[in-house]
Amino acid sequence: MTTKTSLRDCEVFKTFSESELAKISDISSVEEQPAGAAVFREGTDADTLYVLQDGKVALQMQLPDTQARAPRRVSVDIVTRNEMFGWSALVEPHRYTLMAICLEPTRVLAINAVRLRSLMEEDRRVGYELLHQLVRLVASRLEETRHVLISERGGLS
Amino acid sequence: MRGKTLRVVVASEDPGLRQMLAGVAEGEQGAVVVGRAENAVNAVALAARLRPQVTLVDSELPHYLGKDSVRLSRMSGLDAALSISRELPSAATVVISNSRYPVHAGESAGNPQLIVYGESRAGGIPMTLRELVGATSPGNISFGGLRIREEKTDAARLTRLADRTVLGGSLALMGGLGLMATLLFAGPGLVVAAAGVAAIALGFIGKLSTGLWRKRSKLSDEKLPQPVTRDIESSSGGKL
């Protein structure tokens, strides 16, 4: 699968033209990770935006250490094929807020976020479309998160 | 370890997958399923109470309640596995993720096999539960999937093909004999009947070969296990 085909299959890039996809493809590369590997860790510089080509990735948040219990991680999302993750790369202060763990052997398309941000500045349509699609994606995740919260609180009452 | 009972807990919201996870244990001598959980809360509680040597956890496990319209309601498999591993550090805990080896409900009567993912991206390593326990480092978890034994699936496919060939041959034989009975088309009828006989013979040879292949596959099924467990806290990918 070419990087351009992979970008076209990703919901976020659906509205992009061939030439726009080509520009993003030029700053992308394919990375492979074994199961259990961390694609990125929270607190590190968010210099890469990812599109999952194959496999499954869990996004985990570190809960703060308290005297009551040892620090632990909680999954807040599972990324499946053709989905984008590592949004922190587009949002200041450009530090990952979550840890991404591969649940299976995984192949990702890694987009150089520093160059992508420059591209978004230079080509305002690319910048607008990318942020527009990203906001839609984040809103849908927020909606799902609300449903999870409601169903789990309902289940415990 | 050999000879002692191996206690296993399985966790999946899907009854079909839960049955297949249990099938892995049931297919291994001396392994017994002591608990089945349908969500993360119950999986952690069962593991803490029953102290299994092996826990197989579906990666798409709901924390408490899975809702079909809410994809994010099924993401607690890894959390449950990490909790169980903290509670039982010397036990083997495996997060099962099956998108690489998709299995279907109709195959649940087959012979599910545990595949544990190794360091390379390609494929996984078939392991017995005892081999897995032996390869597990304290506090680590493993990642794997289920697979229906390939030789069974392929053998079943070949058997089906052979059956169809015999059926097709029988129909051709009958058709050929019918044509011969008309006397007018006796020549072509003879050819069709002969082709039918050949197809029947080919089908039976196919069935015989499949049977022999099954026996050979069973004998060559032994594979050497590799240590493939991971400590998530120190885990890192290529760029970190």
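Please refer to the structure placed before this passage.
A. Highlighting the overall build of chain B. Looking only at helices and strands, one finds six helices and seven strands in chain B. Moving toward the C terminus, one meets the helices and strands of chain B in the order β-α-β-α-β-α-β-β-β-α-β-α-α. Counting every position in chain B, which comprises 240 residues, the buried fraction comes to 45%. For chain B, the accessible area works out to roughly 12,200 Å², and carbon and sulfur atoms hold 60% of it.

B. A look at the overall build of chain A. The number of helices and strands found in chain A is four helices and eight strands. Taken from N to C terminus, the helices and strands of chain A fall in the order α-α-β-β-β-β-β-β-β-β-α-α. Relative to the globule expectation of 15 Å for 157 residues, the C-alpha radius of gyration of chain A, 17 Å, shows essentially globular dimensions. Referenced to the eigenvectors of the C-alpha coordinate spread, the extents of chain A come out at roughly 55 × 30 × 30 Å. A fraction of 75% describes how many contacts in chain A between residues 6 or more apart in sequence connect residues 24 or more apart.

C. Highlighting the pairing of strand β8 (residues 106–112) of chain A. Residue and element names in this part refer to chain A. Counting buried positions along β8 gives six out of seven residues, so the element sits mostly inside the fold. As paired strands, strand β3 (residues 48–54) and β8 are joined by six bridges and run antiparallel to one another. Considered in β8, the bridge of Val 51 is made with Leu 109.

D. Here's a closer look at a nonpolar patch on the surface. Where nonpolar side chains cluster on the molecular surface, the patch consists of Leu 179, Leu 184, Phe 185 and Val 192 of chain B and spans about 360 Å² of accessible area. Mapped onto the secondary structure, Phe 185 of chain B falls in the loop between α5 (150–181) and α6 (186–219).

E. Focus on the sheet that holds strand β6 (residues 125–126) of chain B. Residue and element names in this part refer to chain B. Read across the open sheet, the seven strands follow the order β2-β1-β3-β4-β7-β5-β6; overall the sheet is mixed. Edge positions in the sheet fall to β2 (31–37) and β6, since each of these pairs with one other strand and no more. The pairing of strand β3 (residues 54–58) with strand β4 (residues 92–96) spans five bridges and is parallel. Across the sheet, residue Val 54 finds its bridge partner in β4, namely Ala 92.

F. A look at helix α3 (residues 113–122) of chain A. All names here are of chain A. For α3, the set of buried residues is Ala 113, Leu 116, Leu 119 and Met 120. Relative to the axis of α3, the buried residues are bounded by an arc of 110° and lie together on one face. More than 90 degrees from the buried face of α3, the exposed residues found are Glu 121 and Glu 122. You can read the cap of α3 off the contacts: a side-chain oxygen lies 3.1 Å from the backbone nitrogen of Val 114, and it is on Asn 112.

G. Representation of the sheet that holds strand β7 (residues 99–102) of chain A. All names here are of chain A. With respect to topology, four strands assemble into an open sheet ordered β2-β7-β4-β5, the strand pairing being antiparallel. A strand with exactly one partner marks an edge of an open sheet, and here the two such strands are β2 (38–40) and β5 (73–79). Pairwise comparison of adjacent strand axes, ignoring direction, gives a mean angle of 35° for this sheet. Sheet analysis places β2 next to β7, joined by two bridges and oriented antiparallel. Across the sheet, Phe 40 pairs through a bridge with Ala 100, a residue of β7.

H. The arrangement of the packing of aromatic side chains in detail. Residue and element names in this part refer to chain A. Applying the stated rule across the entire model yields five aromatic pairs over all chains. Ring centres of Tyr 50 and Phe 85 lie 5.3 Å apart, and the angle between their planes is 20°; on these two criteria the pair is classed as stacked. Residue Tyr 50 is found in strand β3, and its partner Phe 85 is found in strand β6 (residues 84–85); the two are separated by 35 residues along the sequence. For Tyr 50, a relative accessible area of 0% corresponds to the buried category. A connected cluster of aromatic rings, assembled from ring pairs, spans Phe 40, Tyr 50, Phe 85 and Tyr 96.

I. Structural view of the nonpolar core. Ranked by internal contacts, the top residues of the largest apolar core, which has 38 residues, are Phe 13, Phe 85, Ile 111, Leu 116 and Leu 130 of chain A. Discounting chain neighbours no more than four positions away, the residues touching Leu 116 of chain A are Ile 24, Ile 27, Leu 49, Leu 90, Ile 111 and Leu 130 of chain A. Membership of the second largest hydrophobic core comes to 33 residues, among which are Val 9, Leu 72, Met 75 and Tyr 117 of chain B.

Rules of the game
Residues numbered from 1 in each chain as written. Chains lettered and ligands numbered in written order. Predicted model: local features only at pLDDT ≥ 70, side-chain atom pairs only at ≥ 80, totals over all residues. Heavy atoms only, no water. Helix = DSSP H or I, 4+ residues; strand = E, 2+ residues; numbered from the N terminus. Buried < 20%, exposed > 50% of the residue type's maximum accessible area, 1.4 Å probe, protein only. Areas by Shrake-Rupley, 256 points an atom, 1.4 Å probe, with all protein chains shown as cover. Rg over C-alpha atoms; globule rule 2.2 N^0.38 Å. Contact = heavy atoms within 4.5 Å. Pairing = 2+ DSSP bridges. Patch = residues over 30% accessible without salt bridge, like charges linked within 9 Å, V, L, I, M, F, W, Y side chains within 5 Å. Salt bridge = Lys/Arg side-chain N within 4 Å of Asp/Glu carboxyl O. Arc of directions from axis to C-beta. Polar contact = N/O pair within 3.5 Å; in protein donor to acceptor, adjacent residues only side chain to side chain. Axes fitted to C-alpha atoms, helices over the stretch in contact; angles between N-to-C directions. Phe/Tyr/Trp six-rings, centres within 6.5 Å; stacked < 30°, edge-to-face > 60°. Core = buried A, V, L, I, M, F, W, Y, C linked by side-chain atoms within 4.5 Å.

Shape is all these values report; function is a separate question.
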